[in-house]
Amino acid sequence: MGRTIAVVNQKGGVGKTTTAVNLTAALHELGLKVLLCDFDPQANASSGLGVDKRKTKHTIYDVVINNVAAAAAIIHTPYGDVLPSSANLAGAAVELITAEYREHQLEKALESVKADYDVIFIDCPPSLEMLTLNGLCAADSILVPVQCEYFALEGLSDLMSTLRMVKRRINPKLEIFAVALTMYDGRTNFSAQVAEEVRRHFPGKVFATVIPRNIRLAEAPSHGIPVTAYDKSSRGSQAYKAMAEEFKAKL
């Protein structure tokens, strides 16, 4: 049975979904069986792997709330498998409040397909609420994208507090799998300083590969494909391929 990894950071705009999408595609290219569970109501991870949200019969909302089998909702793409999301998922946070074992609904939903994959990524929403809590309870580890900008470490203390709380009370096996440095600008000393600071806070956990600021990374989602398919030779594509190699070596 493979790893289930929540991609999480409560700050928006840090490259969380970009990392989930492109690592899924890059690991798929390396021959791993990968499922990306889009657990964000914005559903950007779904569209980033080419899923037309208007044509999905079932989504992760139906799996978690309406007891639809996970296998019935999974969509196979050339870049890996996707459990798509939809705007309906925004209401799930409210609906789950009254559910028994409310923090474990996603874990229960994914149980039937875990054995089919080497890696399951859960793309969590940029907040620390019920949906993210479900992602943390379903995962055995987390991947934290951190942008190489001024406020990079702001809010990480909140995430670490939540991680400790979940580990202590609900999911004792939860660990940090890795930290991914994103939006790195090699032209500035400042990005290097932030990267050094993050590595000091998370010794041995930060990928050596950094993801640069790259126009191709920004363009790829509008075409519904990962950057590894949009422009294989771009710096963004090469970086995620290198990060995928590191990732695979850590499994």
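Every chain is numbered independently, its residues counted from 1 as its sequence is written. Only residues with pLDDT of 70 or above have their local features reported here, since the model is predicted, and side-chain atom pairs are shown and tallied only from 80 upward, although totals for entire chains, interfaces and linings are computed over all residues. The side-chain figures draw on all heavy atoms in the structure; neither hydrogens nor water molecules are used.

Q: Please clarify how the pairing of strand β1 (residues 3-7) should be interpreted in this entry.
A: On a regular strand, one side chain projects to one face of the sheet and the next to the other, so that they alternate. Along β1, four of the five residues are buried, which leaves the element largely enclosed by surrounding structure. Between any two strands, at least two bridges found by DSSP are needed for them to pair. Segments assigned H or I by DSSP are reported as helices when at least four residues long, segments assigned E as strands when at least two residues long, and all are numbered from the N terminus. Where β1 meets strand β5 (residues 119-123), five bridges bridge the pair, whose relative direction is parallel. Considered in β5, the bridge of T4 is made with I120. Examined bridge by bridge, β1 and strand β6 (residues 141-147) share three bridges and lie parallel to one another. Along β6, the bridge assignment pairs V7 with L143. For each residue, the accessible area found with a 1.4 Å probe, counting protein chains only, is set against the maximum for its type, and the residue is called buried under 20%, exposed over 50%, and partly exposed in between.

Q: Looking at this structure, I do not really get the nonpolar core. What am I missing?
A: A general trend in soluble globular proteins is that nonpolar side chains are found buried together. Residues grouped as a nonpolar core are buried Ala, Val, Leu, Ile, Met, Phe, Trp, Tyr and Cys residues, joined through side-chain atoms within 4.5 Å. Counting 51 residues, the largest nonpolar core has I60, L83, L106, L110, I122 and I142 as its most contacted members. Considering each element in turn, this core owes the most residues, six residues, to helix α7 (residues 130-138). Filtering out sequence-adjacent residues up to four positions away, I142 remains in contact with I5, A6, V8, L136, L163, L174, E175, I176, F177 and A178. By size, the runner-up hydrophobic cluster in this structure holds 32 residues, among which are V21, L27, V119 and M243. Between two residues, a contact is recorded if the distance between any of their heavy atoms is within 4.5 Å.

Q: In this structure, what is going on with the pattern of salt bridges? I would like to understand it.
A: Where charged atoms from two side chains of opposite charge come close, those side chains can pair. A pair is scored as a salt bridge if a Lys or Arg side-chain nitrogen falls within 4 Å of a carboxyl oxygen belonging to Asp or Glu. Applying the stated criterion across every chain yields a total of 13 salt bridges. D52 is the partner of K55 in a salt bridge, and the nearest nitrogen-oxygen pair spans 4.0 Å. Judged by relative accessible area, K55 falls into the exposed class, the value being 69%. Note that R200 is salt-bridged to E197, the shortest N-O span being 2.8 Å. Of this pair, R200 and E197 both sit in helix α9 (residues 189-201), three residues apart, which is roughly one turn of the helix. By relative accessible area, which is 29% here, E197 ends up partly exposed. Linked through salt bridges whose partners overlap, the residues forming this network are K16, D40 and D123.

Q: I would appreciate a short explanation of the packing of α7 against helix α8 (residues 156-169) in the present structure.
A: The axes of two packed helices give the description: the angle between them and the distance between them. Only the stretch in contact is used when a helix axis is fitted, and all axes are lines through C-alpha atoms; the angle between N-to-C directions ranges over 0 to 180 degrees. Running from N to C, α7 and α8 cross one another at 55°; their axes reach a closest spacing of 10 Å. Accordingly, the angle class assigned to the pair α7 and α8 is oblique. Once α7 is placed against α8, the crossing between them reads as right-handed. Mapping the contact onto sequence places L133, L136 and C137 in α7 and T162, M165 and V166 in α8. Angles below 35 degrees are treated as roughly parallel, those above 145 as roughly antiparallel, those between 65 and 115 as roughly perpendicular, and all remaining angles as oblique. Note on convention: the crossing is left-handed when the near helix lies turned anticlockwise from the far helix by less than a right angle, right-handed when the turn is clockwise.

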